[in-house]
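# Tertiary structure, described
So the chains spell out like this:
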Amino acid sequence: MGKMAAAVGSVVTLAAEPGEDAFRKLFRFYRQSRPDSSDLGAVIDFSAAREARGTGPDARKVIRSQLSVSSVSDHDAHRAGLQPVSKWQAYGLQGYPGYQWHWVKQCLKLYSQKPNVCNLDKHMTKEETQDLWEQSKEFLRLKEVNKRRPRSLLEKLRWVTLGYHYNWDSKKYSADHYTPFPSDLAFLSEQVAAACGFQGFRAEAGILNYYRLDSTLGIHVDRSELDHSKPLLSFSFGQSAIFLLGGLKRDEAPTAMFMHSGDIMVMSGFSRLLNHAVPRVLPSSQGEGLPCCLETPLPAVLPRDSVVEPCSEEDWQVCTSYLKTARVNMTVRQVLAIDQDFPSEPTEEKKRDITTEGFCHLDDENSQVKRAKLNPDS
Ligand code: OGA
Ligand code: MN
């Protein structure tokens, strides 16, 4: 993993203009931003902050926070593909770059399979969505030669849900829509949560987002989980994005920061219920290149009980081709407190009151349907 960005409470606010809320204003600004321009001068770069030891213009905003070094053994960190916690920094975690491939491959090849749920299920049969990877890999290989070919199924994949499957319409999780959470991702999440002081974190639900360069993720708060005292973990891979972290209310202007490949964002405590959004995925500066941390081949030696596995040359090629114009984000959530159960179904009367505010899914600039927050397919 590359770096870790821990979102810790303190948010710098800018004055909001009357009329449009401050968050929306910056969302539009970054959505339209030109990647090579001075537009991006105010975006916090945790990797630059690390190299400059926090003396750059970003330094005032970047806060170091303590990690619980003794909570995760060096061996368990290594099993999850992470460096010893003593080497992590609250905003910067220098890692073993090769292991990022494991998670990218899982997102594309394994987690996209049944029984997990994805956006394609709405319009396609189980048979048609079976093994998106096998169906798409030749397409992706051809991508280099023929740019005008139809999009493969993998390229149409927008989201996958794991564990307690998030219901985009009701904005709820429920006891009767659950499939086993992938054990490797649960293990990774437990190590990261423990290092941040959350021993006993349980990975119960996951939302995986697959961004193209024109995708955005609208302004939202993740409040559907029933226990907000547990952190929300977010892992980013592939192309970099601008992440906007706002306040409890939309009229507070957000802080912009880069999310690079390998970054882990931990939203906990005060930050757990803050507004946030992704207005922009940035094309790589080297044309259709990959972030350099993904160009490194896999390390040869893995622990015997490692949960990350080597990635074959063939799989690696498919992932590379996909990631050149994509970003993958995995969020992991604990839904229930220990011993907590889902509440019984609300009465019809209460159902009518359910707010329409809440989590929204990816939006593509070029998608035919300009989706509203309530329409989770396409
Ligand atoms: C989410 C989310 C942010 C990202 O899935 O809830 O906020 O960086 N993702 O993609
Ligand atoms: Mn979110």
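The structure reproduced in this document is the subject of the present report. As the structure is a computational prediction, the values presented were derived from the model and not from experiment.

Glancing now at the packing of helix H4 (residues 100–110) against helix H9 (residues 313–323). Two elements in contact, H4 and H9, have axes whose closest approach is 10 Å; the angle formed by their N-to-C orientations is 80 degrees. Between H4 and H9, the interaxial angle falls into the category roughly perpendicular. Between H4, through Trp101, Val104, Lys105, Leu108 and Lys109, and H9, the contact on the second element is made entirely by Asp315, Trp316, Cys319, Thr320, Tyr322 and Leu323.

What follows concerns the coordination of the manganese ion (ligand 2). Coordination of the manganese ion (ligand 2) by the protein involves His220 (NE2), Asp222 (OD) and His276 (NE2), with metal-donor separations of 2.1 to 2.2 Å. All donor residues of the manganese ion (ligand 2) come from one chain, and their arrangement in sequence is H-x1-D-x53-H. Comparing histidine 220 with aspartate 222 shows no difference in burial state: the two are buried.

Evaluated as defined, the whole model comprises 15 salt bridges. The residue arginine 250 makes a salt bridge to aspartate 21 at a minimum N-O spacing of 3.4 Å. Within this pair, whereas arginine 250 is found in the loop between strand S7 (241–245) and strand S8 (255–259), its partner aspartate 21 is found in the loop between strand S1 (4–7) and helix H1 (22–31), the two being separated by 229 residues in sequence. Of the residues examined, aspartate 21 reaches a relative accessible area of 21% and is grouped as partly exposed. Its salt-bridge partner being lysine 114, residue aspartate 121 comes within 3.1 Å of it at the nearest N-O pair. By relative accessible area, aspartate 121 is classed as partly exposed at 24%. Residues joined by salt bridges that share partners form a network here, namely Asp222, Glu225, Arg272 and Arg333.

Here the focus is unusual backbone geometry. In this model, lysine 114 is joined to proline 115 through a cis peptide bond whose omega is 10 degrees. Topologically, proline 115 is positioned in the loop between H4 and strand S2 (117–118). Here lysine 171, not a glycine, exhibits a phi torsion of approximately 60 degrees, which is positive.

The next subject is empty space enclosed by the protein. Per the counting criterion, the structure on display carries three cavities of 30 Å³ or more. Estimated volume of the largest cavity: approximately 140 Å³. Lining the largest cavity are 19 residues, and of these Ser234, Phe243, His276, Asn329 and Thr331 lie nearest its centre. Elements represented by at least two residues in the lining of the largest cavity include exactly strand S4 (205–212), strand S5 (215–220), strand S6 (232–238), strand S9 (264–267), strand S10 (276–281) and strand S11 (326–333). Per element, the largest residue contribution to the lining of the largest cavity is four residues, and it comes from S11. Across the lining of the largest cavity, the residue classes break down as nine nonpolar, seven polar and three charged.

Rules of the game
- Residues numbered from 1 in each chain as written.
- Chains lettered and ligands numbered in written order.
- Predicted model: local features only at pLDDT ≥ 70, side-chain atom pairs only at ≥ 80, totals over all residues.
- Heavy atoms only, no water.
- Axes fitted to C-alpha atoms, helices over the stretch in contact; angles between N-to-C directions.
- Helix = DSSP H or I, 4+ residues; strand = E, 2+ residues; numbered from the N terminus.
- Parallel < 35°, antiparallel > 145°, perpendicular 65-115°, else oblique.
- Contact = heavy atoms within 4.5 Å.
- Donors = N, O, S within 2.8 Å, 3.2 Å for Na, K, Ca; no water.
- Buried < 20%, exposed > 50% of the residue type's maximum accessible area, 1.4 Å probe, protein only.
- Salt bridge = Lys/Arg side-chain N within 4 Å of Asp/Glu carboxyl O.
- 1 Å grid on protein atoms, 1.4 Å probe; cavity = no way out; pocket = protein on both sides within 12 Å on 5 of 7 lines; lining within 4 Å.
- Points joined across faces, edges and corners; volume = space filled by probe spheres on them.
- Nonpolar A, V, L, I, M, F, W, Y, C, P; charged D, E, K, R; others polar.

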